[in-house]
Amino acid sequence: MINNLIIVESPAKAKTIEQFLGKDYQVKSSMGHIRDLAKKEFGIDMKNNFAPKYIVPDDKKKIVAELKKIVKQSKTVWLASDEDREGEAIAWHLTEVLKLDDAKTRRIVFHEITKNAILNAIKDYRTINFDLVDAQQARRVLDRIVGFEISPILWRKVKPALSAGRVQSVAVRLIVEREREIIGFESISSFKVTGIFLVNDEKNKITELKAELQKKLNSAEEAGQFLNLCKTASFKIIDVSTKPSKKSPSPPFTTSTLQQEASRKLGFSVAQTMMIAQKLYESGKITYMRTDSVNLSQLALNGAKQIINKEFGEKYIKIRNYTTKTKGAQEAHEAIRPTYPDKNTISGPVNEKKLYELIWKRTIASQMSDAQLERTTATIEISNSNDKFVAIGEVLKFDGFLRVYMESADDEPEEGKQGLLPPLQEGQLLNYKMIDATERFTHHPPRYTEASLVRKLEELGIGRPSTYAPTISTIQNRGYVLKSDKPGRERKYITLSLSGNKISETVKNEYFGAEKSKLFPDNIGIIVNDFLVEYFKEILDYNFTANVEKEFDEIASGKLNWTEMIKKFYRKFHPQVEATLKKSEVDKGERNLGNDPETGKPVLVKMGKYGAIAQLGETAIGENVEKPKFASLRKGQNLESITLEEALQLFILPRTIGIFEDKELVVGIGKYGPYIRHNSVFYSLKRGTDDPYTIDTDRAIEIIKEKRDVDKNKIIKEFSEDPDLKVLKGRWGPYIHYKKDNFKIPGGIKPDSLSLEDCMKIINKSSDKKKSKH
């Protein structure tokens, strides 16, 4: 007989808990999912997608049977799944599937896997919170209804194998709308004026003071006129003000802020962050990683206070009790923090160590003093103009929390600041050394990164801590959104400089617009988004999605019945589905770009079976009608923004780029990707390096020679008696190649010593084995 059986989700969590408890306890792992509630409650056939499944590495039925057997042998069963709504639903599923007796079943929760937390949880056990279970059921059922009802429409009207989802579709909409903002954005140039003035420092040595004009000038002509004024102007300091300022630390991590900061500082994807955080939690190193609370327990606050006092001194301590501003946040939970604050690092895999140290620094910094700064602002008058120069200096007087941690930002850093300014006085006259007017350009709104998309979803109240990572992974896995880099482009800009009473003009080059790991909508994502916005406007509405989250919160707090909420939604939603099936047209995102100047044929772009394509000519109907030509759009080309000229360029392949060894070099795109054809032999272009539209003769010859060298070094032995027979080097070792078939060389045989007879024996023996199997 087992006195106490504790059931958790994962083996890793079970292993960590087991080390804190004695022989009186056994810990087992299991995973739970949703039951077939949609059919039961609403008569909707979901094809068993809600059936309970217990996911473990071995046979699922076996583990359930094993658990049932152990349950029968146990005096008390403790359900220790995670403390969020999903964890509560798992506990309920276990109760149902294992047919647990209420009298001997206990529900326990803890936000950290430590001995004290587990023992306290056992002491303060409770029953299953059915409000939390209902909230989780409502979320899953509603999301499945949306997906199962809309997805088949997309298969029929757009493209097979597509899917829609309540949260994922809204996330795609955000990215599509941002892309359209960028496409429609027109950059405006202006001139930023910076002056370098000469002043004396404390030691009476001449030093430089950098100041900026308070406004930007609209054109090169206006900038030139201003610099001409400066030739005869005198410059005087009319105000010097020094004000203290401070920086305060950020709160401890929530799920959202951890995902954002790990992306900025460590380059982790949202999914990668959550996977690593899960491992840290299950191994007892951090508290629960799915939370929207910034609370810290009194125990954690006391621990942070002791560490700060020991490491940095009492003046660095400032205990703070943060409150969560996110609507629907569960204040009973705690922020993400180290379970043992005295450990500033851990052993283990590099990425786990990096994330742990980030969490530790943020937690400790949140309880440290403000950084004290001093900002000095000097205003410089121009005698013959109403405009003024301003110099700003900022110095750090006390580092405070910056001693440990500084939060990163997605936005550009503030310009114009410098360090300590030299001694300045009101009425002091200044001489300029140089005044520059540099052309600057407005920037389009930034594309979303995974981190900034999480922040936007949180701002809009869409999703919850447990949904951010799967949502972002789903929209990428479905091909609606691509995470990609965008190379910068070159542009010219003008700089006007006043020096020595002379104005000079210089035209310079700069690279701009380079982006790394940004989210771009794919063509199919744009088409699906437009279709859903047109026919399911309410589902794609940001407020609707946020209001649904509020209703889930009301269900979780016992204020709303979940089945009534679903029924109310379905009664309104299902008629929209039926109406859309009847009135909507097939949408391929087709766009007519105009006619080919040479042939007069129309040029179209649209979504094809395998992706976005360009079409040259009318769609062929009948036997004797000329068929149109098709070409795939290149990576980064968009159905909405591609021009006629760009589309026509797609039809230049295959193209002849030169002659090598008296044979043509032809570049094209085939079934297996871009290639060079030379003397009836095909050579693949290197993905990500070679572009079939721009590759030149020299590079093509280089690829051919490289492939020949590889093939030459690959050959161990050839036989003049039978050219089809070769002994070759392979990825997994030497092998025999004969008439398009490969044969393994038995161990202990030197490949270069094989004769033709030896090879044929190996081939025949191998062939006999294959025949005997059949």
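This one's a predicted model, so the numbers in the text were calculated from it and none came from an experiment.

S.K.: Quick one: what's the story with helix α10 (residues 270–282), residue by residue and with numbers?
M.R.: In this model α10 runs 18 Å from its N-terminal to its C-terminal C-alpha over 13 residues, within 8% of the 18 Å that 1.5 Å per residue would give. What α10 keeps buried is the set Val270, Thr273, Met274, Ile276, Ala277, Leu280, Tyr281 and Glu282. Where α10 is buried, its residues touch α1 (11–18), α9 (255–266), α12 (350–365), α13 (450–459) and α14 (468–477). Phi turns positive, to about 80°, at Gly284, one or two residues after α10.

S.K.: Let's hear about the nonpolar core: which residues, and what values?
M.R.: Formed by 123 residues in total, the largest nonpolar core has its most connected members in Phe110, Leu154, Ile286, Leu355, Leu453, Leu532 and Phe536. Here this core takes 10 residues from helix α6 (residues 130–157), the largest share from any one element. Those residues in contact with Leu453 that sit more than four places away from it in its chain are Ala171, Leu174, Ile175, Tyr448, Ile472, Ile475 and Leu519. Core analysis: the second largest hydrophobic core is formed by 28 residues, Phe191, Phe226, Ala378 and Ile382 among them.

S.K.: Give a detailed account of the side chain of Glu83, specifying residues and quantitative values.
M.R.: Considering the arrangement of structural elements, one finds Glu83 in the loop between β3 (74–79) and α4 (85–97). Buried and unpaired, Glu83 has no salt bridge, with Arg126 as the nearest side chain of opposite charge at 7.6 Å. Contacts of Glu83, omitting those with residues within four sequence positions, involve Arg107, Val109, Phe110, His111, Tyr288 and His333.

S.K.: Which residues make up the packing of aromatic side chains, and what values do they have?
M.R.: Applying the stated rule across the entire model yields 14 aromatic pairs. Geometrically, the ring pair formed by Phe197 and Phe389 is edge-to-face, given 5.3 Å between the ring centres and 75° between the ring planes. One end of the pair, Phe197, is in strand β5 (residues 189–200); the other, Phe389, is in strand β9 (residues 388–398), with 192 residues separating them in the sequence. Here Phe197 and Phe389 have matching classes, each one buried. When the ring of Phe312 is compared with that of Tyr316, the centres are 5.9 Å apart and the planes differ by 50°; the resulting orientation is tilted. Looking at Tyr316, the relative accessible area reads 5%, which means it is buried.

S.K.: Please provide a residue-by-residue account of the packing of helix α7 (residues 166–183) against helix α16 (residues 542–556), values included.
M.R.: Direction vectors running N to C along α7 and α16 enclose 145°, while the axes themselves pass 10 Å from each other. As α7 runs across α16, the sense of the crossing is left-handed. Every residue of α16 that contacts α7 at Arg166, Val167, Val170, Arg173, Leu174 and Glu177 is listed here: Tyr542, Thr545, Val548, Glu549 and Phe552. Looking at the contact of α7 with α16 residue by residue, the class counts come to six nonpolar, one polar and four charged.

S.K.: Explain the pattern of salt bridges to me, and be specific about the residues and the numbers.
M.R.: In total, this model carries 40 salt bridges according to the counting rule given. For Glu510, the salt bridge is made with Arg440, and the minimal N-O distance between the two is 3.1 Å. Of this pair, Glu510 sits in strand β14 (residues 502–512) while Arg440 sits in strand β11 (residues 429–441); the two residues are 70 residues apart in sequence, bridging distant segments of the chain. Glu510 sits in the buried class, given a relative accessible area of 15%. Judged by its relative accessible area of 29%, Arg440 falls in the partly exposed class. Measuring nitrogen to oxygen at the nearest pair gives 3.9 Å for the salt bridge that ties Glu706 to Arg699. Looking at Arg699, the relative accessible area reads 15%, which means it is buried. Via salt bridges that share partners, Glu9, Lys13, Asp82, Asp84 and Arg290 belong to a single interconnected network.

S.K.: Account for the packing of α13 against α14, with residues named and values stated.
M.R.: Between two packed helices, the angle of one axis relative to the other and the distance separating the axes together describe the packing. Interhelical geometry of α13 versus α14 gives an angle of 120° and a closest axis separation of 11 Å. Here α13 is positioned oblique relative to α14, judged by the angle of their axes. Crossing handedness for the pair α13 and α14: right-handed. The residues of α14 that touch α13, namely those facing Glu450, Leu453, Val454, Leu457 and Glu458, are Tyr468, Ile472, Ile475 and Gln476. A per-class count over the contact of α13 with α14 returns six nonpolar, one polar and two charged.

Basis of the calculations
Residues numbered from 1 in each chain as written. Predicted model: local features only at pLDDT ≥ 70, side-chain atom pairs only at ≥ 80, totals over all residues. Heavy atoms only, no water. Helix = DSSP H or I, 4+ residues; strand = E, 2+ residues; numbered from the N terminus. Expected span 1.5 Å × (residues − 1). Buried < 20%, exposed > 50% of the residue type's maximum accessible area, 1.4 Å probe, protein only. Contact = heavy atoms within 4.5 Å. Core = buried A, V, L, I, M, F, W, Y, C linked by side-chain atoms within 4.5 Å. Lys, Arg positive; Asp, Glu negative; His and termini not counted. Salt bridge = Lys/Arg side-chain N within 4 Å of Asp/Glu carboxyl O. Phe/Tyr/Trp six-rings, centres within 6.5 Å; stacked < 30°, edge-to-face > 60°. Axes fitted to C-alpha atoms, helices over the stretch in contact; angles between N-to-C directions. Left-handed = near helix turned anticlockwise from the far one by under 90°. Nonpolar A, V, L, I, M, F, W, Y, C, P; charged D, E, K, R; others polar. Parallel < 35°, antiparallel > 145°, perpendicular 65-115°, else oblique.

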